[in-house]
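Chain by chain, the residues run as shown.
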Amino acid sequence: MIKRTLFICSLVLLASCSTYNSIDTFYNAHKEDNHVTAVRVPRFMLSLIGNVSPEMKSLVGNTKDLRYMSFPSTTAEKSEFLNKQMNGITGNSFIEVYRKNDELKRNIVSIREKRDAVKEILIYNNNNQNGSFLYFNGDFDPVKVRQMAQNEEFQKLGDGLINQYQGGSFTSGINQGDEEEEK
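Residues numbered from 1 in each chain as written. Predicted model: local features only at pLDDT ≥ 70, side-chain atom pairs only at ≥ 80, totals over all residues. Heavy atoms only, no water.

Glancing now at helix 5 (residues 76-90). Its 15 residues give helix 5 an end-to-end C-alpha distance of 21 Å, which sits within 8% of 21 Å, the value for a rise of 1.5 Å per residue. Taken as a whole, helix 5 has its buried residues at Ser79, Leu82, Asn83, Gln85, Met86, Ile89 and Thr90. The buried residues of helix 5 all sit within an arc of 160 degrees when viewed along its axis, so they share a single face. Turned more than 90 degrees from where helix 5 packs its buried face, Glu77 and Lys84 sit exposed. (Helix = DSSP H or I, 4+ residues; strand = E, 2+ residues; numbered from the N terminus. Expected span 1.5 Å × (residues − 1). Buried < 20%, exposed > 50% of the residue type's maximum accessible area, 1.4 Å probe, protein only. Arc of directions from axis to C-beta.)

Attention now goes to the pairing of strand 2 (residues 63-72). Strand 2 sits mainly inside the fold: seven of its 10 residues count as buried. Relative to strand 2, strand 1 (residues 37-41) runs antiparallel, the two being bridged by five bridges. Its bridge partner being in strand 2, Ala38 is matched across the sheet by Met69. Here strand 2 pairs with strand 6 (residues 130-140) via nine bridges, running antiparallel. What sits directly across from Thr63, in strand 6, is Gly138. (Pairing = 2+ DSSP bridges.)

Burial within strand 5 (residues 117-126) is extensive, with nine of its 10 residues counted as buried. Here strand 4 (residues 105-114) runs beside strand 5; their pairing, made up of nine bridges, is antiparallel. Within strand 5, the residue paired with Ser110 across the bridge is Leu122. Where strand 5 lies against strand 6, eight bridges are found, and the strand directions are antiparallel. Residue pairing across strands places Leu122 opposite Tyr135, the latter belonging to strand 6.

On to the packing of helix 2 (residues 23-30) against helix 5, then. For any two helices packed against each other, the geometry is given by the interaxial angle and the distance between the axes. In the contact formed by helix 2 and helix 5, the axes pass within 9 Å of each other and the chain directions differ by 155 degrees. Between helix 2 and helix 5, the angle falls in the class roughly antiparallel. Packed against helix 2, whose contacting residues are Ile23, Phe26 and His30, the element helix 5 presents Phe81, Leu82, Gln85, Met86 and Ile89 at the interface. For the contact of helix 2 with helix 5, the per-class residue count stands at six nonpolar, two polar and no charged. (Axes fitted to C-alpha atoms, helices over the stretch in contact; angles between N-to-C directions. Parallel < 35°, antiparallel > 145°, perpendicular 65-115°, else oblique. Contact = heavy atoms within 4.5 Å. Nonpolar A, V, L, I, M, F, W, Y, C, P; charged D, E, K, R; others polar.)

What follows deals with the environment of Ile121. For Ile121, the position within the fold is in strand 5. Placed 27 residues apart in sequence, Ile121 and Phe94 show a C-alpha to C-alpha distance of 8.7 Å.

Here the focus is the sheet that holds strand 1. Here six strands make up an open sheet; going across it, the order is 1-2-6-5-4-3 and the pairing antiparallel. Strands at the two margins of the open sheet, each flanked by one partner only, are strand 1 and strand 3 (95-102). Across the sheet, the mean angle separating the axes of adjacent strands is 5 degrees when strand polarity is ignored. On top of the sheet, helix 5 reaches strand 2, strand 3, strand 4, strand 5 and strand 6; it is set at about 170 degrees to strand 5, its chief contact. Running over the sheet, helix 6 (residues 142-150) touches strand 3, strand 4, strand 5 and strand 6 and is turned about 15 degrees from strand 5.

In structure tokens, the structure reads:
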């Protein structure tokens, strides 16, 4: 009886720890913070993001979930808190492809693999003024991911994503689709 109770308690503890350290939890915990920009792109809109570059088009074509978030990180305490949260997410189940630490500043590209494919990509940047993460879930070529990380193409995608969103490209694409359906 005691072993059974101990086993159940340990499973509950393990489940609660793994749930806390996830992109979903981080995204939901911070999306309503002050001065935060949060974008979660629905699957039907992913084709619009492919217009950033040919490389992005091939990457986005295999994406099932895409999220971007930028947030203020203006104090050392806030930067340290956010860095620890990201380390908790990427700590055990992600492989770091690239990391640059400069005191509290961070630039990290992490991936999660399954066999010969990359299933998740997480790019985290924090410059002690602003922080951001870009998250992909899908089926990606590991060689292409590494090349894109080395060429800083993921940072360009984050900027392009926000520019397209703020410029109305997403909504104009939806409106055009609605007009075509009416005809």
